[in-house]
Amino acid sequence: INHIVHNGGLYKRPFNEAFEETPMLVAVLTYVGYGVLTLFGYLRDFMRQWKIEKCQNATEREEQKDFVPLYQDFENFYNRNLYMRIRDSWNRPICSVPGAKVDMMERVSHDYNWTFTYTGRVIKDIINMGSYNYLGFAQKAGACQEAAAKVLSQYGAGVCSTRQEMGNLDKHEELEKLVARFLGVESAMAYGMGFATNSMNIPALVGKGCLILSDELNHASLVLGARLSGATIRIFKHNNMQSLEKLLKDAIVHGQPRTRRPWKKILILVEGIYSMEGSIVRLPEVIALKKKYKSYLYLDEAHSIGALGPSGRGVVEYFGLNPEDVDVMMGTFTKSFGAAGGYIGGKKELIDYLRTYSHSAAYAASMSPPVVEQIITSVKCIMGEDGTTIGRARVQQLAENTRYFRRRLKEMGFIIYGNEDSPVVPLMLYMPAKIGAFGREMLKRNIGVVVVGFPATPIIESRARFCLSAAHTKEMLDTALKEINEVGDLLQLKYSRRRLVPLLDRPFDETTYEETED
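Residues numbered from 1 in each chain as written. Predicted model: local features only at pLDDT ≥ 70, side-chain atom pairs only at ≥ 80, totals over all residues. Heavy atoms only, no water.

Peer 1: Residues and numbers for the overall build of the protein chain, please.
Peer 2: From N to C terminus, the protein chain includes 15 helices and 18 strands. Computed over the C-alpha atoms, the radius of gyration of the protein chain is 24 Å, within 12% of the 24 Å expected from 2.2 N^0.38 for a compact globule of 518 residues. Counting only C-alpha atoms, the protein chain reaches 65 × 65 × 60 Å along its principal axes. Taking all 518 residues of the protein chain together, 53% fall into the buried category. (Helix = DSSP H or I, 4+ residues; strand = E, 2+ residues; numbered from the N terminus. Rg over C-alpha atoms; globule rule 2.2 N^0.38 Å. Buried < 20%, exposed > 50% of the residue type's maximum accessible area, 1.4 Å probe, protein only.)

Peer 1: Please set out the sheet that holds strand S13 (residues 424-430) residue by residue, giving values where relevant.
Peer 2: Spatial ordering of the open sheet is given by S13-S16-S15, a layout of three strands whose pairing is antiparallel. Only two strands of the sheet have a single partner each, and these edge strands are S13 and strand S15 (450-452). Ignoring which end each strand starts from, the neighbouring axes of this sheet average 25° apart. (Pairing = 2+ DSSP bridges. Axes fitted to C-alpha atoms, helices over the stretch in contact; angles between N-to-C directions.)

Peer 1: Tell me what's going on with the pattern of salt bridges, and back it up with residues and numbers.
Peer 2: Tallying each qualifying case throughout the model produces 33 salt bridges. The shortest N-O distance in the salt bridge between Glu176 and Arg355 comes to 3.2 Å. Taken together, the positions of Glu176 in helix H4 (residues 170-183) and Arg355 in helix H10 (residues 348-357) put the pair 179 residues apart, joining distant regions of the chain. Accessibility expressed as a relative area gives 4% for Glu176, which makes it buried. Judged by its relative accessible area of 25%, Arg355 is partly exposed. Among the ionic pairs, Glu486 bridges to Lys482, the shortest N-O distance being 3.4 Å. Here Lys482 and Glu486 lie together in helix H15 (residues 474-491), a separation of four residues that amounts to about one turn. Here Glu486 falls in the partly exposed class, since its relative accessible area comes to 36%. (Salt bridge = Lys/Arg side-chain N within 4 Å of Asp/Glu carboxyl O.)

Peer 1: Summarise the domain arrangement of the protein chain; cite the residues concerned and give the values.
Peer 2: Once the domains are mapped, the protein chain shows domain 1 (19-128 + 388-496) and domain 2 (143-383). Computed over C-alpha atoms only, the centres of domain 1 and domain 2 are separated by 29 Å. The interface of domain 1 with domain 2 comprises 20 residues on the first partner and 19 residues on the second. Between domain 1 and domain 2 the total buried area reaches about 1500 Å² when both faces are included, carbon and sulfur atoms providing 59% of it. (Domains from an automatic or database assignment. Contact = heavy atoms within 4.5 Å. Buried area = accessible area lost by both parts, 1.4 Å probe.)

Peer 1: Report on the packing of aromatic side chains, specifying residues and quantitative values.
Peer 2: Applying the stated criterion across every chain, the model contains 17 aromatic pairs. Ring centres of Phe46 and Trp50 lie 6.4 Å apart, and the angle between their planes is 50°; this geometry places the pair in the tilted category. Here Phe46 falls in the partly exposed class, since its relative accessible area comes to 46%. Aromatic side chains Tyr318 and Phe319 sit 4.9 Å apart centroid to centroid with 80° between the ring planes, which places their arrangement in the edge-to-face category. We note that Tyr318, like Phe319, is buried. When the ring centre of Phe116 is taken as origin, the NZ or CZ atom of Arg107, which lies over that ring, is 4.1 Å away. (Phe/Tyr/Trp six-rings, centres within 6.5 Å; stacked < 30°, edge-to-face > 60°. Lys NZ or Arg CZ within 6 Å of the ring centre and 35° of its normal.)

Peer 1: Let's hear about a nonpolar patch on the surface: which residues, and what values?
Peer 2: A cluster of nonpolar residues, Met24, Val28, Val32, Val36, Phe40, Leu43, Phe46, Trp50 and Ile52, forms a patch on the protein surface that exposes about 940 Å² of accessible area. For Met24, a relative accessible area of 61% corresponds to the exposed category. (Patch = residues over 30% accessible without salt bridge, like charges linked within 9 Å, V, L, I, M, F, W, Y side chains within 5 Å. Areas by Shrake-Rupley, 256 points an atom, 1.4 Å probe, with all protein chains shown as cover.)

Peer 1: Describe in detail the side chain of Asn201, supporting the description with residues and values.
Peer 2: Examined against the element boundaries, Asn201 turns out to sit in helix H5 (residues 194-205). Classification of Asn201 as buried rests on a relative accessible area of 0%. At 2.7 Å, the side chain of Asn201 forms a polar contact with the side chain of Ser358. Not counting residues within four places of it along the chain, the set of residues in contact with Asn201 comprises Tyr191, Ala196, Ile344, Leu354, Ser358 and Ser360. (Polar contact = N/O pair within 3.5 Å; in protein donor to acceptor, adjacent residues only side chain to side chain.)

Peer 1: Any chance you could break down the sheet that holds strand S4 (residues 117-128) for me, citing the residues and the numbers?
Peer 2: Strand pairing in a sheet relies on backbone hydrogen bonds, with the paired strands running either antiparallel or parallel. Taken together, three strands build an open sheet; the order of strands is S3-S4-S14 and the sheet is mixed. Each edge of the open sheet carries a strand with a single partner, namely strand S3 (101-108) and strand S14 (447-448). Pairing geometry for S4 and S14, over two bridges, is parallel. Each residue of the ladder has a partner; that of Asn128, found in S14, is Gly448.

Peer 1: With reference to specific residues and values, describe the nonpolar core.
Peer 2: Judged by nonpolar contacts, the single largest core of 107 residues is most densely connected at Met129, Phe405, Leu409, Phe438 and Phe466. If we ignore the near neighbours within four places in the chain, the residues touching Leu409 are Phe414, Ile416, Val425, Leu427, Phe466, Leu481 and Ile484. One finds Ile212, Val328, Leu350 and Ala361 within the second-largest nonpolar core, a separate group that totals 21 residues. (Core = buried A, V, L, I, M, F, W, Y, C linked by side-chain atoms within 4.5 Å.)

Peer 1: Got a sec to walk through the environment of Glu174? Specific residues and values, please.
Peer 2: If you trace the backbone, Glu174 turns up in helix H4. According to the relative accessible area criterion, Glu174 is partly exposed, its value standing at 31%. For the pair Glu174 and Asp327, spaced 153 residues apart in the sequence, the C-alpha separation amounts to 23 Å. If sequence neighbours within four positions are ignored, Glu174 has contacts with Ile376 and Lys380.

Peer 1: Tell me about the environment of Ala204, residues and numbers included.
Peer 2: Within the secondary structure, Ala204 is located in helix H5. A sequence separation of 149 residues divides Ala204 from Tyr353, and the C-alpha atoms of the two residues are 8.9 Å apart. Residues in contact with Ala204, not counting those within four places in the same chain, are Tyr353, Leu354, Tyr357 and Ser358.

Peer 1: Lay out unusual backbone geometry in plain terms, naming residues and giving numbers.
Peer 2: Residue Pro455 follows Phe454 across a cis peptide bond; omega there is 10°. Turning to its location among the elements, Pro455 is positioned in the loop between S15 and strand S16 (462-467). Positive phi values are uncommon outside glycine, yet Tyr430 reaches one of about 70°. The exposure class of Tyr430 is buried, given its relative accessible area of 0%. The backbone phi angle of Asn446 is positive, close to 65°, even though this residue is not glycine. Tracing the chain through its elements places Asn446 in the loop between helix H14 (432-444) and S14. When its relative accessible area of 27% is taken as the criterion, Asn446 is described as partly exposed.

This is the structure in structure tokens:
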């Protein structure tokens, strides 16, 4: 399915997204693969039960045999028999700054991934295609590192208190004023953890008698926050404005279940860039619907802040919209800024309310001063307040790297999901055996990649996810693309039935395909 929205109407720029349909044969073979793995899993569980095969997994003690199982049976079954086969593709320990290249500790397993042994060898200079280091601020030298080191010597590493007690530093105040100015909002508040920024603040904004309309592919932090709030939750199809409008109409017409009273509040939850799909929210349409039906909008810009827009101000700037049209602007400092924590921006009344009622403000320890200084320095660099154009150049470099990398992968014949301007690039693998194989083969070629399978994705939509960075040079990308092409041929991953025609003079807002024979 290709979504191509040309200039005019609500959009001031081209909006191209592609989600090519899974080929029928590939889908069937994927289901067969999971079926075979499941059958062998039951066979191995039978053998473990009768002590034919050694049981490596944690089990209840003999005196607890009659207890209700602590974990759901299928989750345990999946971990034992499917995940364990390819466990070596995750949790790989790195021992350097997660920049454009990383060093990784080598490990081996002698019992089929149940345990790992470190060899003592370090694999040097692996091209890092997995970290969310969008603007390249994860570095061990430069202005950010020097400023953070200076603040560390002055303030120390920890604050040992909450913001409401003895943990409110002048650096925290400076950061919040700077973030508010960067976003173009009245006020902002910073938090020590990005996940908790969502999960602990949504319950402070809505509760019983309120309605949350959530995109089906929203991040786990948004889902948890919505569930903790006690509000009624309804799900709309991913980035589907017809589905969202239908839910809004139904909510206004029918009101609350049984009583039919109007909802106290209706809150729409969306993300700027969806981290598994690589898609960008249709923000102009969401805002139009929000205004039409007088609801509130909560925008999670974890992956889009710094990575989208001419000056890195996120998806709002990318579409040329007014920040005042977004009621709650949330984002994290863990990605584009190379630090940790999150923020919420909006009207002063909203932020003053959250300072009092937010659990993550009242009970969580304050942000570490060196982390705060890392954010301040990187934001000033992006805004050009450090007296250089380095920040803007990084934003432009990321955009160029993204378009180049996506175009080359499509030309090779891979199925690539998402928006052409999204630095999150999912490459579809589908079959379970290819998840581990792709990760291992890429690591053999000194390329570090993230592979993703069920339950983080639908069971037949396993994928590799590349994250582009401004720190990647063209030589690095060309090396990675060459190796991806080789591994794609080796593992037969080039499923796309539409080959992108490599035209150097292709217009910016058009994509040309030629049909190829199966």
